[in-house]
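Secondary and tertiary structure notes
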Amino acid sequence: QVQLVESGGGLVQAGGSLTLSCAASGRTIRNYGMGWFRQAPEKEREFVAAINWSGGSTYYADSVKGRFTISRDNAKNTVYLHIDSLKPEDTAVYYCAAAHLPDVVLMASRYNYWGQGTQVTVSS
């Protein structure tokens, strides 16, 4: 079993930056594909970014490309999501997820473990 805990969310002004962290425990995630999703109020959860086991391959939703950066530190069992140029439409609960696959994983249904989420609120 893998437990995931997100942190780093908060209230930020539009144009600002944040770095979200996802700390894993229970077992190493070095062989897991990792991803970030978000869910805005009254909307479905959507894919944001994913990274393969080594960090050598990443993939982003079109809506965040160029502003979001996913990375990982396997030695620390942690995945990060750095967000630049925040927009009010980025307001959501951000979830970290781990998949029993070493590859970039895009579909939420293929992830095996989920964190509880961290709230990001962007004020205009």
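Description of the structure in this document. Sequence order sets the numbering: in each chain, residues are counted from 1 along the sequence as written. Given that the model is predicted, a residue must reach a pLDDT of at least 70 before its local features are reported, and side-chain atom pairs must reach 80 or more before they are shown or counted; all residues, however, enter totals for whole chains, interfaces and linings. Calculation of side-chain values draws on the structure's entire complement of heavy atoms; hydrogens and water are dropped beforehand.

A word on the pairing of strand β7 (residues 68-73)
- Accessible area is worked out with a 1.4 Å probe on protein chains only. A residue is then buried under 20% of its type maximum, exposed over 50%, and partly exposed in between. Runs of H or I in DSSP of at least four residues are treated as helices and runs of E of at least two as strands, each being numbered from the N terminus. Judged by which residues are buried, β7 turns out to be one-sided: Phe68, Ile70 and Arg72 face inward and are buried, whereas Thr69, Ser71 and Asp73, on the alternate face, are not.
- Any two strands are treated as partners once DSSP identifies two or more bridges connecting them. Relative to strand β8 (residues 78-83), β7 is paired through six bridges, and the arrangement is antiparallel. Counted as the bridge partner of Thr69 is His82 from β8.
- Connecting the antiparallel pair β7 and β8 is a turn made up of four residues, with Asn77 showing a positive phi of about 55°.

Quick notes on the packing of aromatic side chains
- Each Phe, Tyr or Trp ring (for Trp, its six-membered ring) is paired with any other whose centre lies within 6.5 Å, and the angle between the two planes then decides the class: stacked below 30 degrees, edge-to-face above 60, tilted in between. As enumerated under the stated definition, the model contains seven aromatic pairs in all.
- Their ring planes at 50° and their centres at 6.3 Å tell us that Tyr32 and Tyr113 sit as a pair that is tilted. Taken together, the positions of Tyr32 in the loop between β3 (18-25) and β4 (33-39) and Tyr113 in strand β10 (residues 113-114) put the pair 81 residues apart, joining distant regions of the chain.
- Judged by relative accessible area, which is 6%, Tyr32 ranks as buried.
- On the numbers, 6.2 Å between centres and 40° between planes, the contact of Phe47 with Tyr59 is tilted. Here Phe47, found in strand β5 (residues 46-51), pairs with Tyr59, found in strand β6 (residues 58-60); they are twelve residues apart in sequence, far enough to count as distant.
- Its relative accessible area of 16% is what places Phe47 among the buried residues.
- We classify Tyr59 as partly exposed; its relative accessible area is 42%.
- One aromatic cluster in this structure is built from Phe37, Phe47, Tyr59, Tyr111 and Trp114.

Some remarks on the side chain of Arg38
- Relative to the helices and strands, Arg38 resides in strand β4.
- Here Arg38 falls in the buried class, since its relative accessible area comes to 6%.
- Among the polar contacts made by the side chain of Arg38, one reaches the side chain of Glu46 at a distance of 2.6 Å.
- Throughout this description, a polar contact denotes any pair of N or O atoms lying within 3.5 Å of each other; where both atoms belong to protein, one of them has to be capable of donating a hydrogen while the other can accept it, and for residues adjacent in sequence the pair is counted only when both atoms sit in side chains. Side chain to side chain, Arg38 and Tyr94 meet in a polar contact 3.0 Å long.
- The contact criterion used throughout is that any non-hydrogen atoms of two residues lie within 4.5 Å. Apart from residues lying up to four places away in sequence, Arg38 is in contact with Glu44, Arg45, Glu46, Val48, Ser63, Val64, Phe68, Glu89, Asp90, Ala92, Val93 and Tyr94.

Some remarks on the sheet that holds strand β1 (residues 3-7)
- Spatially, four strands are ordered β1-β3-β8-β7 in an open sheet, and the strand pairing comes out antiparallel. Either end of the sheet is taken by a strand with one partner, and the two such strands are β1 and β7. On average, each strand axis in the sheet is tilted by 15° relative to the strand beside it, whichever way the strands run.
- Note: β1 against β3, five bridges, orientation antiparallel. Among the inter-strand pairings, Gln3 is bridged to a residue of β3, identified as Ser25. Under this scheme, a helix contributes an axis fitted over its contacting stretch, all axes are lines through C-alpha atoms, and angles between N-to-C directions fall in the 0 to 180 degree range.

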